[in-house]
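So the chains spell out like this:
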Amino acid sequence: MLTKSISIVVLVFLFLGCEQVDRVEDVAKKYQDDTTEKTEKISDDIDQGLGATSGKELYNGTVNTSSCAGCHGSNAEKRALGKSDIIRHWEVETIIQALQEYKEGTRDQYGMGSLMTGQVKYLSDSDIRNIANYIYNLD
Ligand code: HEC
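Residues numbered from 1 in each chain as written. Predicted model: local features only at pLDDT ≥ 70, side-chain atom pairs only at ≥ 80, totals over all residues.

Draft legend 1. Here's a closer look at helix 5 (residues 113-120). Buried within helix 5 are the following residues: Met116, Gln119 and Val120. Projected down its long axis, helix 5 carries its buried residues within an arc of 80°, all on one side. When the buried face of helix 5 is taken as reference, the exposed residues oriented beyond 90 degrees from it are Ser114 and Gly118. (Buried ≥ 20, exposed ≤ 12 C-beta atoms within 10 Å, placed from the backbone. Helix = DSSP H or I, 4+ residues; strand = E, 2+ residues; numbered from the N terminus. Arc of directions from axis to C-beta.)

Draft legend 2. Broad picture of the packing of helix 4 (residues 92-104) against helix 6 (residues 125-136). Where helix 4 meets helix 6, the closest approach of the two axes is 9 Å, and the angle between their N-to-C directions is 135°. Taken together, the axes of helix 4 and helix 6 are oblique relative to one another. Of the two possible hands of crossing, helix 4 and helix 6 adopt the one that is right-handed. Note on element contacts: helix 6 touches helix 4 through Ile128, Arg129, Ala132, Asn133, Ile135 and Tyr136, opposite Val92, Ile95, Ile96, Leu99 and Gln100. For the contact of helix 4 with helix 6, a count of residues per class yields 8 nonpolar, 2 polar and 1 charged. (Axes fitted to C-alpha atoms, helices over the stretch in contact; angles between N-to-C directions. Parallel < 35°, antiparallel > 145°, perpendicular 65-115°, else oblique. Left-handed = near helix turned anticlockwise from the far one by under 90°. Contact = placed C-beta atoms within 7 Å. Nonpolar A, V, L, I, M, F, W, Y, C, P; charged D, E, K, R; others polar.)

Draft legend 3. Here's a closer look at the nonpolar core. Grouped together as the largest cluster of nonpolar side chains are 17 residues, with contacts concentrated most on Leu99, Ile131 and Ile135. For this core, the secondary-structure elements that each account for two or more residues are helix 2 (55-60), helix 4, helix 5 and helix 6. Broken down by element, this core gets its largest block of residues, 5 residues, from helix 6. Setting aside its immediate chain neighbours within four residues, Leu99 contacts Val120, Ile128 and Ala132. (Core = buried A, V, L, I, M, F, W, Y, C linked by C-beta atoms within 7 Å.)

Draft legend 4. Expanded view of the site of the ligand. Taken together, 27 residues are adjacent to the ligand, and Cys68, Cys71, Ala80, Asp85 and Gln109 come closest. Broken down by secondary-structure element, the contributors of at least two residues to the shell around the ligand are helix 3 (68-72), helix 4 and helix 5. For the shell around the ligand, the element with the most residues is helix 5, which contributes 5 residues. Each residue belonging to the shell around the ligand can be placed in one class, and the counts come to 14 nonpolar, 9 polar and 4 charged. (Near = placed C-beta within 6 Å.)

Draft legend 5. Quick peek at helix 4. Given a rise of 1.5 Å per residue, 13 residues ought to cover 18 Å, and the 18 Å separating the end C-alpha atoms of helix 4 matches this to within 8%. Of all the residues in helix 4, the buried ones are Ile95, Ala98, Leu99, Tyr102 and Lys103. One face of helix 4 carries all of its buried residues, which in axial projection span an arc of 140°. Opposite the buried face of helix 4, by more than 90 degrees, sit the exposed residues Glu93 and Glu104. (Expected span 1.5 Å × (residues − 1).)

This is the structure in structure tokens:
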């Protein structure tokens, strides 16, 4: 009798266990679908850039999801998070090269390169050029 009850309990647990695996798989599938959708959206954004013509808008985060100004200062006069160089008055080409390298994930000056990769990965080449021109032309 005891053995029988134990087997029933075990069976119930096994059954619940399988149910849960199903649910985990559902969640995983849904997560994957969501991620695929988001990745496709991001790829579209990368192909088309953010459609922004103004480096000022990009720099100040009115178009981009995050604002360069938030860390580098509204006149690019700050060391971002106390780490980066002050990029105000950097040459246009120097800024472009740095941003391209962050986008490719190959630049890391102060151990925070991946943070910058997150900032620029959505930007097209022309977005980057517009931002660089904007920074260079700040007073
Ligand atoms: C969350 C804060 C943050 C934001 C937002 C941010 N940056 Fe940065 N930025 C940093 C940090 C930290 C570094 C240093 C990264 C490293 O270790 O190489 C950096 C580095 C740089 C550099 C190279 C400076 C150097 O010293 O080599 C440039 C150029 C730059 N950022 C431009 C931008 C632009 C343009 C944007 C907006 C698209 C932006 N950043 C957004 C924090 C930020």
